[in-house]
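Topology and contacts: notes
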Amino acid sequence: MGRHTNPIRLVIFGRQGAGKGTQCVRLVKEFGVLHISTGDMLRSAVAAETELGLAAKAIMDAGDLVGNEIMIGLVRERIAMPDAADGFVLDGFPRTVGQAEALALLLGDNHLHAAVDLEVSLDEVTSRMKARARADDTDEGIARRLSLYEQETRPVLRWFADRDLLLTVDGLGAEEEVTARLVAAINSKL
Ligand code: ADP
């Protein structure tokens, strides 16, 4: 578990298929943080057929973004839970500048330490995603999500860069190699 005594708060970015999920599991071990994935939270809500799940399903199947208001409410509740006080790595949020601004307000003095961009080329993620089997991984769904990533999420990376929080890490290579790069980059910000 984490060798760090102070809670560490991170955000991870990366195109769909960049390997964020895998690397988050490793970051959890390294830094003793909680993994908060908004995609996983939404998929649980869909599976449980909650009101949120019912509303989100069609949006997710189309590869569109769930509304900011819903997403901000979801993250607000999650980071207010006691286990999040030990730090977290947020995966899948913020995905729009509106969400980034809301997150900064929610966190207040408990600000983020870094926003990491796991950089993998478009060609590479496209072939990786065709090899996995998730309900929203249709050709149209993938194309839609990748184009929304450029439109909506690219500006969020700039938003973090402007605040000197952005770390760009090469996501190509063996899993443990990528983890070592991530850990070194994050440690440079602690
Ligand atoms: P991926 O990174 O492969 O798109 P995620 O698991 O992060 O997958 O998200 C799956 C889907 O959940 C997204 O396509 C979107 O519909 C919805 N979603 C997740 N996080 C957010 C968010 N922060 N804002 C809006 N929609 C979201």
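Now for a quick tour of the structure. What you are looking at is a predicted structure, and each value in this text was computed from that prediction instead of being measured. (Residues numbered from 1 in each chain as written. Predicted model: local features only at pLDDT ≥ 70, side-chain atom pairs only at ≥ 80, totals over all residues. Heavy atoms only, no water.)

1. Overview of the overall build of the protein chain
Test applied: Put simply, DSSP H or I for four residues or longer makes a helix, DSSP E for two residues or longer makes a strand, and each gets a number counted from the N terminus. Taken over C-alpha atoms, the radius of gyration is set against a globule rule of 2.2 Å times the number of residues to the power 0.38. The Shrake-Rupley method, run with a 1.4 Å probe sphere, supplies the accessible areas, and residue values consider only the shown protein chains as cover.
Counting secondary structure elements, the protein chain contains 8 helices and 5 strands. Over its C-alpha trace the protein chain gives a radius of gyration of 16 Å, about what one expects of a compact globule, namely 16 Å for 190 residues. Across its three principal directions, the C-alpha atoms of the protein chain cover 40 × 35 × 30 Å. In the form shown here, the protein chain has an accessible surface area of approximately 9600 Å², with 53% of it arising from carbon and sulfur atoms.

2. Quick look at the site of the ligand
Counted only if it meets this: What makes a residue near a molecule or strand is one non-hydrogen atom of that residue sitting within 4 Å of it. Here a polar contact is recorded for every N or O atom pair within 3.5 Å, except that within protein the pair must consist of a potential hydrogen donor and a potential acceptor, and residues adjacent in sequence are included only if both atoms are side-chain atoms. Side-chain classes follow a simple rule in which Ala, Val, Leu, Ile, Met, Phe, Trp, Tyr, Cys and Pro form the nonpolar group, Asp, Glu, Lys and Arg form the charged group, and the remainder, Gly included, forms the polar group.
Inspection of the region around the ligand gives 18 residues, with Thr 38, Asp 64, Gly 92, Arg 95 and Arg 145 positioned closest. Gly 92 has a polar backbone atom sitting 2.8 Å from a nitrogen atom of the ligand. Contact between the ligand and Arg 134: an oxygen atom at 3.2 Å from a side-chain N or O atom of the residue. Protein coverage of the free-state accessible area of the ligand, which is 540 Å², stands at 96%. The greatest single-element share of the shell around the ligand, amounting to 4 residues, is contributed by helix α2 (residues 38-47). Its residues assigned to classes, the shell around the ligand shows 6 nonpolar, 5 polar and 7 charged.

3. Digging into the sheet that holds strand β3 (residues 87-91)
Stated formally: Pairing between two strands is assigned when DSSP locates at least 2 bridges connecting them. Lines fitted to the C-alpha atoms define the axes, with helices restricted to the stretch that makes contact. Angles between their N-to-C directions range from 0 to 180 degrees. Note on definitions: a residue-residue contact is assigned when non-hydrogen atoms from the two residues lie within 4.5 Å.
Strand order in the open sheet formed by 5 strands is β2-β3-β1-β4-β5, and the pairing between neighbours is parallel. Whereas interior strands pair on both sides, the edge strands pair on one side only; in this sheet they are β2 (34-37) and β5 (166-170). In this sheet, adjacent strand axes meet at a mean angle of 25° when their direction is disregarded. Direction of pairing for strand β1 (residues 8-13) relative to β3: parallel, over a ladder of 5 bridges. Looking across to β3, one finds that Arg 9 is bridged to Phe 88. Lying over the sheet, α2 contacts β2 and β3, oriented at roughly 65° with respect to β2.

4. Considerations on the packing of aromatic side chains
Heads up, the condition is: Stacked, tilted and edge-to-face are the three classes applied to pairs of Phe, Tyr and Trp rings, where Trp contributes its six-membered ring and a pair requires centres within 6.5 Å; stacked means planes under 30 degrees apart, edge-to-face means over 60, and tilted covers the rest. Only protein chains enter the calculation, and the probe is 1.4 Å; a residue is then buried if its accessible area is under 20% of its type maximum, exposed if over 50%, and partly exposed in between.
One pass over the structure, following the stated rule, counts 2 aromatic pairs. Centre to centre, the rings of Phe 13 and Phe 160 are 5.7 Å apart; their planes meet at 55°, and the pair counts as tilted. A residue pair is termed long-range when its members are at least 10 positions apart, and Phe 13 in strand β1 and Phe 160 in helix α7 (residues 139-162) qualify at 147 residues. Considered together, Phe 13 and Phe 160 belong to a single accessibility category, that of buried residues. Where Trp 159 meets Phe 160, the ring centres are 5.1 Å apart and the plane angle is 80°; that geometry is what we call edge-to-face.

5. A look at the nonpolar core
As a rule of thumb, nonpolar side chains are buried together in soluble globular proteins. We count it as follows: To form a nonpolar core, buried Ala, Val, Leu, Ile, Met, Phe, Trp, Tyr and Cys residues must be joined to one another through side-chain atoms within 4.5 Å.
Ranked by internal contacts, the top residues of the largest apolar core, which has 28 residues, are Phe 13, Phe 88, Leu 90, Leu 103 and Phe 160. The set of elements that each furnish at least two residues to this core consists of β1, α3 (51-61), α4 (68-79), β3, α5 (97-107) and α7. Residues within four places of Phe 160 in sequence aside, it is in contact with Phe 13, Pro 94, Ala 100, Leu 112, Ala 115, Leu 165 and Leu 166. Membership of the second largest hydrophobic core comes to 24 residues, among which are Val 116, Leu 146, Val 169 and Ile 186.

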